[in-house]
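# Overview (structure and organization)
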Amino acid sequence: MKIAIGVDHAGFDYKDSLIKVIKSMGHSVEDTGTSSSESVDYPDFAEKVSRIVSCGDADAGILICGTGIGMSISANKVKGIRAAVCWNFRSATLAREHNSANVLCMGARLLSLENCIEITKTFLNTPPGSEKRHLNRINKIKKIEEREQACNE
């Protein structure tokens, strides 16, 4: 698989280690930044990764900020993205199996590097669910995206 990764300043210290782990799993990585611990705006990186995944140029994305929440909120604005904040291997498994999540979001201020590595491995090793009940729910999410429009349009 090809994995797009993006981090803000809070996640910068984890990025290189995660890239090494992802590559050791046999995947290729597209690094969208950031390239230092200097303060940056997380929505910029969330959008870059999400557009790469949404356009089919990567199979999945990984985003890291302080809590994972800001990245998730931003990423989920891009059509076709199902970004999930995960805090342990179980949440990563369920995000993939039940929600067919295609972007993993984590918080470097809440999780150790070792936790992020375990979560990343679990997320990438878990295939999207194929149970009918989960697929029906994913289709409902897609229909919401199709119907979405601004209130004043």
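So, how was this worked out
Numbering of residues starts from 1 in each chain and follows the order in which that chain's sequence is written. Whole-chain, interface and lining totals are the exception, using all residues; otherwise, since this is a predicted model, local features are given only for residues with pLDDT of at least 70 and side-chain atom pairs are given and counted only at 80 or more. The side-chain quantities take in all heavy atoms of the structure and omit both hydrogens and water. Counting rule for disulfides: a pair of cysteine sulfur atoms within 2.5 Å. Surface patches are drawn from residues lacking salt bridges whose relative accessible area is over 30%; two like charges belong together within 9 Å, two nonpolar side chains (Val, Leu, Ile, Met, Phe, Trp, Tyr) within 5 Å. Computed by Shrake-Rupley with a 1.4 Å probe, the accessible areas treat only the displayed protein chains as cover when residues are assessed. Should a side-chain nitrogen of Lys or Arg be within 4 Å of a carboxyl oxygen of Asp or Glu, the pair is scored as a salt bridge. His is not counted, nor are the chain ends; Lys and Arg add positive charge and Asp and Glu add negative charge. For the purpose of locating charges, the reference atoms are NZ of Lys, CZ of Arg, CG of Asp and CD of Glu. Helix and strand labels come from DSSP, where a helix needs a run of H or I of at least four residues and a strand needs a run of E of at least two; each type is numbered from the N terminus. When accessible area is computed with a 1.4 Å probe and restricted to protein chains, residues below 20% of their type maximum are described as buried, those above 50% as exposed, and intermediate ones as partly exposed. Two residues form a contact once any of their heavy atoms are found within 4.5 Å.

With that out of the way, let us pick up the state of the cysteines. The tally for this structure, following the rule as stated, stands at zero disulfides. Cys105 takes part in no disulfide bond, and the closest cysteine sulfur, belonging to Cys65, lies 7.2 Å away.

Here we come to a positive patch on the surface. Together, Arg137, Lys140, Lys143 and Arg147 make up a positively charged patch on the protein surface. On the secondary structure map, Arg137 appears in helix H6 (residues 132-147). A relative accessible area of 46% means that Arg137 is categorised as partly exposed.

Residue position: Asp8 is located in the loop between strand S1 (2-7) and helix H1 (12-24). Remark: the alpha-carbon pair of Asp8 and Ser39, spanning 31 residues in sequence, is separated by 7.4 Å. Contacts of Asp8, omitting those with residues within four sequence positions, involve Thr34, Val40, Tyr42, Ile64, Cys65, Gly66 and Met71.

On to H1, then. When we look at burial in H1, the residues that qualify are Tyr14, Lys15, Leu18, Ile19, Val21 and Ile22. Structurally, H1 contributes buried residues whose contacts are with S1, strand S2 (28-31), strand S3 (60-65), strand S5 (103-107) and helix H5 (113-125). Positioned one or two residues after H1, Gly26 has a phi angle of 95°, which is positive.

Take the pattern of salt bridges next. Two side chains that carry opposite charge are able to pair once their charged atoms sit near each other. Evaluated as defined, the whole model comprises four salt bridges. A salt bridge links Asp31 to Lys15; the nearest nitrogen and oxygen atoms lie 3.0 Å apart. Note that Asp31 is positioned in strand S2 and Lys15 in helix H1, a separation of 16 residues in sequence. Given the relative accessible area of 39%, Asp31 is considered partly exposed. Judged by its relative accessible area of 4%, Lys15 falls in the buried class. Arg133 serves as the salt-bridge partner of Glu131, at 3.0 Å between the closest nitrogen and oxygen. You can call Glu131 partly exposed: its relative accessible area is 44%. Judged by its relative accessible area of 42%, Arg133 falls in the partly exposed class.

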